[in-house]
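Fold and geometry: a report
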Amino acid sequence: MKKRIAFLILFQLLSCKGQDKDNCSKENAYNKVTQIQEVAKAIQLHKNSNQKIVFEIDEGIYNKKKYYVIKEEQEGEFHNSVWNIFYVDKKDCSLYYYDTVSGNLLTLEKWRLLGKKNNEKNKIMEETKFTDIFNEGTVIKFTPKDLDKKDIEIQNFKQKLELYENENPLIEDFDNKNLSYLINNETFFDVQYYIDNSWLQYFITKYKVDVSKLNDLMNISIHQEDFSAVKLLADNGYIISKKDLNILIDTENNIKEKVQENKSDGYESYIISNSKINQISQYLKEKYSLNKIADPDGYTNLRKDKNTSSEVLQKVKSGEHIEVLDNTGDWFLVKTKEGKEGYIHKSRIKSK
């Protein structure tokens, strides 16, 4: 009998020899997973919810190695949603994330890096665009002061606006080209749209837009005959130049052609009654005539080139009228009453 017992013990020892011992228990594997920062945060966040985070633990083999397969799930009314799947090596408790797309096991570092890339990709895809709020065809008659009104249309608009501003909080986040969507076009029958002028002022103020550089926007405002936009830009520091007056002339000529087309076609594609070109013309010419030098030193230098080290051609007294020939950039090309042409920094020119 003693020989039989000894034989059985010896047989069991020989049978176990050469087999890998599982040093990682199921409890250790579970603790490993629940202590992952992202998992622990999810558990804490949903602990008082009806949809708690739960775990399903199975066993599996990957590349001939044995693992605990632990699924992180959120409880649902009818079924659980699997959030993440982790593999824990039964031999040494090494922890991995199972990527369902590639079918590979990833280290936690690679998993986090993958998550970061996906978040950035999703952010780009889900980013709220300016055209989601304002676009051609939009009719917005309410103003920024109306945003607290209990109106469904206004509240939907407000939600989009807040999303956009949260995603673009800084001055450098805002593209000035967006402002072109706020310029009205009411003179063409097929492309009429209207956005209250206060929204143009809203974004200029919010993002501290340098209006003196909005040459393209003034061009559009003149062409589309948005008199309110023309006035608003000038009120915010835009200096009218000879170039703007030339754009005005081009627009006036185009209007004459459109009116003639109306007569020829018998179809009023251009709505003459909505035209603001006469008001724009009078306003631009008046503002142009008011361009003056405003320098606290009592005078400013007319320079040959666009920099402070350039040759001084003439001293121009404050309050003296000058013709602004070109208002692009920081140095404007001007002509003095003596007929001399040169450059003056835009900060020394006002229109009052």
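The structure presented is a predicted model; accordingly, all values stated were derived computationally and were not measured.

What counts, and where the lines are drawn
Residues numbered from 1 in each chain as written. Predicted model: local features only at pLDDT ≥ 70, side-chain atom pairs only at ≥ 80, totals over all residues. Heavy atoms only, no water. Helix = DSSP H or I, 4+ residues; strand = E, 2+ residues; numbered from the N terminus. Rg over C-alpha atoms; globule rule 2.2 N^0.38 Å. Contact = heavy atoms within 4.5 Å. Buried < 20%, exposed > 50% of the residue type's maximum accessible area, 1.4 Å probe, protein only. Pairing = 2+ DSSP bridges. Lys, Arg positive; Asp, Glu negative; His and termini not counted. Salt bridge = Lys/Arg side-chain N within 4 Å of Asp/Glu carboxyl O. pLDDT = per-residue confidence, 0-100. Axes fitted to C-alpha atoms, helices over the stretch in contact; angles between N-to-C directions. Phe/Tyr/Trp six-rings, centres within 6.5 Å; stacked < 30°, edge-to-face > 60°. Lys NZ or Arg CZ within 6 Å of the ring centre and 35° of its normal. Parallel < 35°, antiparallel > 145°, perpendicular 65-115°, else oblique. Left-handed = near helix turned anticlockwise from the far one by under 90°. Nonpolar A, V, L, I, M, F, W, Y, C, P; charged D, E, K, R; others polar.

What follows covers the overall build of the chain. For the chain, the helix and strand inventory stands at 10 helices and 14 strands. Computed over the C-alpha atoms, the radius of gyration of the chain is 36 Å, more than 25% above the 20 Å expected from 2.2 N^0.38 for a compact globule of 352 residues. For the C-alpha atoms alone, the extent of the chain along its principal axes is close to 130 × 60 × 40 Å. Long-range pairs, those at least 24 residues apart, make up 57% of the contacts in the chain with a sequence separation of at least 6.

This part takes up the pairing of strand 4 (residues 95–99). Of the two faces of strand 4, the one lined by L95, Y97 and D99 is fully buried and the one lined by Y96 and Y98 carries no buried residue. Here strand 3 (residues 81–89) folds back onto strand 4, and the loop between the two strands holds 5 residues, one of which, C93, carries a positive phi near 65°. In this structure, strand 4 lies alongside strand 5 (residues 104–106), joined through 3 bridges in antiparallel fashion. Bridge pairing in strand 5 places Y97 opposite L106. Turn length for the strand 4-strand 5 hairpin, with the two strands adjacent in sequence and antiparallel, is 4 residues, and the turn residue G103 shows positive phi of about 75°.

On to the side chain of K287. Here K287 lies in helix 10 (residues 277–289). No salt bridge is formed by the buried K287. Its closest oppositely charged neighbour is D235, at 5.0 Å. Beyond its immediate chain neighbours, meaning those up to four positions away, K287 contacts A234, I240 and S351.

This next bit is on the confidence of the model for the chain. Scored by pLDDT, the chain has a mean of 88; 90% of the residues are at 70 or more. For residues 1–19, every residue scores under 50 in pLDDT, and the model assigns this stretch 0 contacts once sequence neighbours within four places are set aside.

For the rest of this paragraph, the subject is the pattern of salt bridges. With the rule as written, the count across this model stands at 11 salt bridges. Two residues, D326 and K243, come together in a salt bridge whose shortest N-O distance is 3.9 Å. Highlighted residues: D326 in strand 11 (residues 323–326) and K243 in helix 9 (residues 242–265), separated in sequence by 83 residues. Residue classification places D326 among the partly exposed positions, given a relative accessible area of 21%. Look at K243 and you get partly exposed, because its relative accessible area is 38%. When the shortest N-O distance is used, the salt bridge between K337 and E320 registers 4.0 Å. One end of the pair, K337, is in the loop between strand 12 (331–335) and strand 13 (341–345); the other, E320, is in the loop between strand 10 (312–317) and strand 11, with 17 residues separating them in the sequence. For E320, a relative accessible area of 14% corresponds to the buried category. Among the charged side chains, a network of salt bridges with common partners joins D210, K213, D330 and K346.

Taken together, 5 strands build an open sheet; the order of strands is 1-2-3-4-5 and the sheet is antiparallel. Of all the strands in the sheet, the pair left with one neighbour each is strand 1 (53–62) and strand 5. In this sheet, neighbouring strand axes are inclined to one another by 35° on average, regardless of whether the strands run parallel or antiparallel. Against the sheet, helix 3 (residues 37–45) engages strand 1, strand 2 (65–74) and strand 3, with an angle of about 150° to strand 1.

The tally for this structure, following the rule as stated, stands at 26 aromatic pairs. Three or more aromatic residues joined by ring pairs make a cluster, and in this case those are F130, F134, F142, F157, Y164, F174, Y181, W199, Y202, F203 and Y207. Directly above the ring of Y207 sits K206, whose terminal nitrogen or CZ lies 5.8 Å from the centroid.

What follows deals with the packing of helix 7 (residues 215–223) against helix 8 (residues 227–235). Helix 8 packs onto helix 7 with a crossing angle of 150° between their chain directions and a minimal axis gap of 8 Å. Taken together, the axes of helix 7 and helix 8 are roughly antiparallel relative to one another. Crossing of helix 7 over helix 8 shows left-handed handedness. Residues L217, M218, S221 and I222 of helix 7 touch helix 8, and the partners they reach there are A229, V230 and L233. Taken together, the residues that form the contact of helix 7 with helix 8 break down as 6 nonpolar, 1 polar and no charged.

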